[in-house]
Amino acid sequence: MGCIISKNSERTPGYEEPNVLAAATPFTASEVKALYVLFKKLSSSIIADGLIHKQEEFQLALFRNRNRRNLFADRIFDLFDMKRNGVIEFGEFVRSLGVFHPNAPTEDKIAFAFRLYDLRHTGYIEREELKEMVLALLHESDLVLSEDVVETIVDKAFREADTKDDGRIDPEEWKDLVLKNPSLIRNMTLPYLKDITVAFPSFLGSSECEDSEL
């Protein structure tokens, strides 16, 4: 026999209809349904309340970095938490994840990355924040460079980006820098999002059953 789902099954807080989210993101309605199943699994890993809490470390599953330190784990969570209430709801999850889809507009990726690296929430990227970004990119590439070499890279990148010579990088300068150096937003694209069911088979094995809730 197949699964039996009660017609009164409760949807998670912040639930949005698949067609609404599909219209606002690169995902199709069926992919949004699959993401709902994934979301329910992730949001119940520690606290089963239909919300993703920071300690549930959802980025470990999404960004495939279980065996490495994610320098921006907290920032990723904060940016997904659009309502700034300390948890991630389903609608926030899908809308934010959509930025990482291969078909998402480059301008959306550039804007998201700017907010990601604006660690102090000043509306600008300062030199130390740029250094953190460079270190993160090196870490993702498993490259280990001396402090002197890192400083040289940071200085060169900062001089190139800070075209207004005011000691900080604004969104316009950041966009120009990224368009010249696309590798700076390489980590803003997750290729496997083009086929979610293949990417997360262990999570979505029961999606046929759970989809009946949608």
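- For the protein chain, the name recorded in an unreviewed UniProt entry is Calcineurin B-like protein, with Rhodamnia argentea as its organism.
- As recorded by UniProt, the Subunit (unreviewed entry) comment attached to the protein chain reads in full: "Homodimer. Interacts with CIPK."
- Annotation of the protein chain in UniProt includes, under Sequence similarities (unreviewed entry), the sentence "Belongs to the calcineurin regulatory subunit family."

A word on the pattern of salt bridges
Alright, step 1. If you walk through the whole model with that rule in mind, you get 15 salt bridges.
Alright, step 2. The residue Glu126 makes a salt bridge to Arg120 at a minimum N-O spacing of 4.0 Å.
Alright, step 3. Residue Arg120 is classed as partly exposed on the basis of its relative accessible area of 47%.
Alright, step 4. Beyond isolated ion pairs, a larger network of salt bridges with shared partners links Arg127, Glu128, Lys131, Glu147, Glu151 and Asp155.

Overview of the packing of helix 4 (residues 73-80) against helix 6 (residues 106-117)
Alright, step 1. Between helix 4 and helix 6, the least distance of the axes is 9 Å, while the angle of their chain directions is 125 degrees. As judged from the angle between their axes, helix 4 and helix 6 are oblique. The two elements helix 4 and helix 6 meet at a crossing, and its hand is right-handed. Residues Arg75, Ile76, Leu79 and Phe80 of helix 4 lie in contact with helix 6, whose contacting residues are Phe112, Arg115 and Leu116.
Alright, step 2. Among the residues forming the contact of helix 4 with helix 6, the class breakdown is 5 nonpolar, no polar and 2 charged.

Focus on the UniProt feature "domain: EF-hand" (unreviewed entry) in the protein chain
Alright, step 1. According to UniProt, the positions carrying the feature "domain: EF-hand" (unreviewed entry) are residues 68-103, 105-140 and 149-184.
Alright, step 2. The annotated region residues 105-140 carries 72% helix and 0% strand content, and the separation between its end C-alpha atoms amounts to 23 Å.
Alright, step 3. The span residues 149-184 shows a helical share of 64% and a strand share of 0%, and its end C-alpha atoms are spaced 18 Å apart.

What counts as what
- Residues numbered from 1 in each chain as written.
- Predicted model: local features only at pLDDT ≥ 70, side-chain atom pairs only at ≥ 80, totals over all residues.
- Heavy atoms only, no water.
- UniProt positions renumbered as here; feature names shortened; annotations may be inferred.
- Salt bridge = Lys/Arg side-chain N within 4 Å of Asp/Glu carboxyl O.
- Buried < 20%, exposed > 50% of the residue type's maximum accessible area, 1.4 Å probe, protein only.
- Axes fitted to C-alpha atoms, helices over the stretch in contact; angles between N-to-C directions.
- Helix = DSSP H or I, 4+ residues; strand = E, 2+ residues; numbered from the N terminus.
- Parallel < 35°, antiparallel > 145°, perpendicular 65-115°, else oblique.
- Left-handed = near helix turned anticlockwise from the far one by under 90°.
- Contact = heavy atoms within 4.5 Å.
- Nonpolar A, V, L, I, M, F, W, Y, C, P; charged D, E, K, R; others polar.

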